Amino acid sequence: MDVPLSQKLGPNTGLDLVRATEAAAIAAARLMGRGEIAAADQAATTAMAAALANLELDGRLVMVEEVRVREMTTTALSEGMRIGTGNGPPADLIVDPIDGRRQLAQGKAGAVSFAAVTNRGALWAPHPAAYMEKIIVGPQVAPYLVPECLDAPAGWTLALVARATRRSVRDLVVFVLDRPRHSHLIEEIRAAGARVMLADDGDIYGALLAAIAGTNVDILMGIGGAPEGVLAACAVKSLGGAMLARLAPQNEAEHEAITRAGLDTKRILTCDDIVSSNQIFFVATGITDSVLLRGVRLAGDRAETNSLILRCETRTRRIIFAEHLLTG
């Protein structure tokens, strides 16, 4: 996607956007381990919306997470809403104030706040789809990932990953969401000899683990959220990894809604299909501790955060530690 100079995102856009995930993470961290999923989501969403309003962008929010819309009667972030001051370049954004709500509610590791921004019209937004089938790998395996992997037995794809990394299948680790729908997939992976990392939540976090070297995760497989899939594509493309995706409606009502919207459930998509520009900034801030990011530390009127900023155009990856003075 060729972007006119006047519409290009500035080099500091990621530094501006990370303030939104920092705000969401701090607000959510105050409710860690209290079992209050809706309250934490409300707090994080409200804090993120306030920070996004200050961005020097003519932005719009292209997609929201379906589960949040179902569980909350009001939300500070809604699909299609204006984002930013309106004075900057036109842009599309997609956010997830809390990825890993169950982990946060239970005080477990792996809760993260995410956001991504790219040029206007570059993001594929498959509304009203709620679920998407995905395979995600890092840069080393990316050249070998082929569309056939999405329909092949898990063992075939894992053999491909093993050959690409010059390792044995038994050395591979596969990130899979712990859901009943994945019972057959998990059996296939184990039968092939690979190891499984099951997660209660955290679809986007799992995508990062699969796409970043040194995390001990080699591939993500299975069905997760569609909005999370779009966010994941922004991160994976920025990291030089690869992704295969296809809409995967989980009930007849969702299938009918997708059909009415003119979406193709058979089409296999790549990162470039999901986000067509390389003007991408992807940011993440840890809420609870994880392999990638340290969680929020709260102490009196201070908060410490640990964040990740990815810039696709330059393949830059920044890790930021920040201290915040809390007011109110």
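Described below are features of the structure shown in this document. In this text, all values refer to a predicted model and were calculated from it rather than measured experimentally. All residue numbers here refer to positions counted from 1 along the written sequence of the relevant chain. Reporting of local features is limited, given that this is a predicted model, to residues whose pLDDT is at least 70; pairs of side-chain atoms are given and counted only at 80 or more, and all residues count toward the totals for whole chains, interfaces and linings. Excluded from the side-chain calculations are hydrogens and water; all other atoms, namely the structure's heavy atoms, are used.

Some points on the overall build of the protein chain
Then, number 1: Regarding its fold elements, the protein chain presents 10 helices and 13 strands.
Then, number 2: In summary, the protein chain has a C-alpha radius of gyration of 19 Å against a globular reference of 20 Å for 328 residues, a match within 12%.
Then, number 3: Overall, the protein chain is about 55 × 45 × 40 Å in size when its C-alpha atoms are taken along their principal axes.
Then, number 4: For every residue, the accessible area (1.4 Å probe, protein chains only) is compared with the maximum for its type, and the residue is labelled buried under 20%, exposed over 50%, or partly exposed between those bounds. Evaluated residue by residue, the protein chain yields a buried proportion of 55% over its 328 residues.
Then, number 5: In what follows, residue pairs with any heavy atoms lying within 4.5 Å of each other are defined as contacts. Sequence separation of 24 or more characterises 72% of the internal contacts of the protein chain that already satisfy a separation of 6 or more.
Then, number 6: Summed over all atoms, the accessible surface of the protein chain reaches about 13800 Å², with 49% contributed by carbon and sulfur.
Then, number 7: Once the 33 positive and 37 negative side-chain charges of the protein chain are each reduced to a mean point, those two points are 4 Å apart. Only runs of H or I of at least four residues qualify as helices and only runs of E of at least two qualify as strands under DSSP, and these elements are numbered from the N terminus. Radius of gyration: over C-alpha atoms. The globule rule applied is 2.2 Å multiplied by the number of residues raised to the 0.38 power. Every accessible area reported is derived by Shrake-Rupley at a probe size of 1.4 Å, with residue values counting cover from the shown protein chains alone. Positive charges are assigned to Lys and Arg, negative charges to Asp and Glu, while His and the chain termini are left out of the count. Throughout, a charge is located at the NZ atom of Lys, the CZ atom of Arg, the CG atom of Asp or the CD atom of Glu.

Here's the deal with the sheet that holds strand β7 (residues 195-199)
Then, number 1: Ordered by their spatial adjacency, five strands build an open sheet running β7-β6-β8-β5-β9, and the pairing between neighbours is mixed. At either margin of the open sheet sits one strand with a lone partner, and together these are β7 and β9 (242-247). On average, adjacent strands in this sheet sit at an angle of 15° to one another, irrespective of strand direction.
Then, number 2: As paired elements, strand β5 (residues 131-137) and strand β8 (residues 219-225) share six bridges and run antiparallel to each other. Two strands qualify as a pair provided that DSSP identifies no fewer than 2 bridges between them. To obtain each axis, a line is fitted to C-alpha atoms, and for helices this fit is confined to the stretch in contact; angles are then taken between N-to-C directions over 0 to 180 degrees.

A look at the pairing of strand β13 (residues 316-325)
Then, number 1: Pairing geometry for strand β12 (residues 302-311) and β13, over 10 bridges, is antiparallel. Paired with N306 across the bridge in β13 is F321.
Then, number 2: The antiparallel pairing of β12 with β13 creates a hairpin that spans four residues between the two strands, and R315 there sits at a positive phi of about 55°.

Observations regarding the nonpolar core
Then, number 1: Note on terminology: a nonpolar core comprises buried Ala, Val, Leu, Ile, Met, Phe, Trp, Tyr and Cys residues joined through side-chain atoms within 4.5 Å. Counting 49 residues, the largest nonpolar core has I94, F114, I136, L208, M243, I274 and F282 as the members making the most contacts within it.
Then, number 2: Looking at this core element by element, the count peaks at nine residues for helix α8 (residues 226-239).
Then, number 3: Grouped together as the second largest cluster of nonpolar side chains are 39 residues, A20, A51, L104 and I309 included.

Observations regarding the pairing of β7
Then, number 1: Here strand β6 (residues 173-177) runs beside β7; their pairing, made up of five bridges, is parallel. Its bridge partner being in β7, V174 is matched across the sheet by V196.
Then, number 2: Consider the strands pointing away from the viewer: the crossover is right-handed when the path from the first strand over the helix to the second runs clockwise. Handedness of the β6-helix α6 (residues 183-192)-β7 crossover: right-handed.

As for the environment of M81
Then, number 1: Looking at where M81 falls in the secondary structure, it is placed in the loop between α3 (66-71) and β2 (82-83).
Then, number 2: By relative accessible area, M81 is classed as partly exposed at 23%.
Then, number 3: Along the chain, M81 and S238 lie 157 residues apart, while their C-alpha atoms are 25 Å from each other.
Then, number 4: Ignoring sequence-local partners within four residues, the contact set of M81 consists of G59, R60, L61 and A76.

Quick notes on the pattern of salt bridges
Then, number 1: Put simply, a salt bridge is a Lys or Arg side-chain nitrogen that is within 4 Å of an Asp or Glu carboxyl oxygen. Within the structure shown, the criterion is met by 21 salt bridges.
Then, number 2: A salt bridge links R311 to E313; the shortest N-O distance between them is 3.2 Å.
Then, number 3: A relative accessible area of 34% means that E313 is categorised as partly exposed.
Then, number 4: Where salt bridges share partners, they join D58, R60, R82, D92 and R120 into one cluster.

A look at helix α7 (residues 203-211)
Then, number 1: For α7, the buried fraction is high: nine of the nine residues fall into the buried class.
Then, number 2: By the burial criterion, the buried members of α7 are D203, I204, Y205, G206, A207, L208, L209, A210 and A211.

Some words on unusual backbone geometry
Then, number 1: Cis rather than trans, the peptide bond between H127 and P128 has omega equal to 10°.
Then, number 2: Within the secondary structure, P128 sits in the loop between β4 (112-119) and β5.
Then, number 3: A positive phi angle, near 55°, is found at R166, a position not held by glycine.
Then, number 4: On the secondary structure map, R166 appears in the loop between α5 (154-165) and β6.
Then, number 5: You will see that R315, though not glycine, has its phi angle at about 55°, which is positive.
Then, number 6: Inspection of the secondary structure puts R315 in the loop between β12 and β13.

Structural notes on the packing of aromatic side chains
Then, number 1: Centres within 6.5 Å are what make two rings of Phe, Tyr or Trp a pair, Trp counting through its six-membered ring; a difference in plane orientation under 30 degrees is then read as stacked, over 60 as edge-to-face, and the rest as tilted. Tallying each qualifying case throughout the model produces one aromatic pair.
Then, number 2: Taken together, a centroid distance of 5.6 Å and an interplanar angle of 35° make the contact between F114 and F282 tilted. With F114 in strand β4 and F282 in strand β10 (residues 281-286), this pair connects stretches of sequence that are 168 residues apart. Accessibility assignment for this pair places F114 and F282 in one class, buried.

Quick notes on the packing of α7 against α8
Then, number 1: Interhelical geometry of α7 versus α8 gives an angle of 20° and a closest axis separation of 9 Å. Compared by their axis directions, α7 and α8 come out roughly parallel. Considering the relative orientation of α7 and α8, their crossing is right-handed. Residues D203, I204, A207, L208 and A211 of α7 form the contact with α8, whose own contacting residues are E228, L231, A232, A235, V236 and L239.
Then, number 2: Classification used: nonpolar for Ala, Val, Leu, Ile, Met, Phe, Trp, Tyr, Cys and Pro, charged for Asp, Glu, Lys and Arg, polar for all others including Gly. Class assignment of the residues belonging to the contact of α7 with α8 gives a composition of nine nonpolar, no polar and two charged. Just so you know how the angles are binned, under 35 degrees is roughly parallel, over 145 roughly antiparallel, 65 to 115 roughly perpendicular, and the rest oblique. Crossing handedness: left-handed means the near helix sits turned counterclockwise from the far one by under a right angle, and right-handed means the same turn made clockwise.

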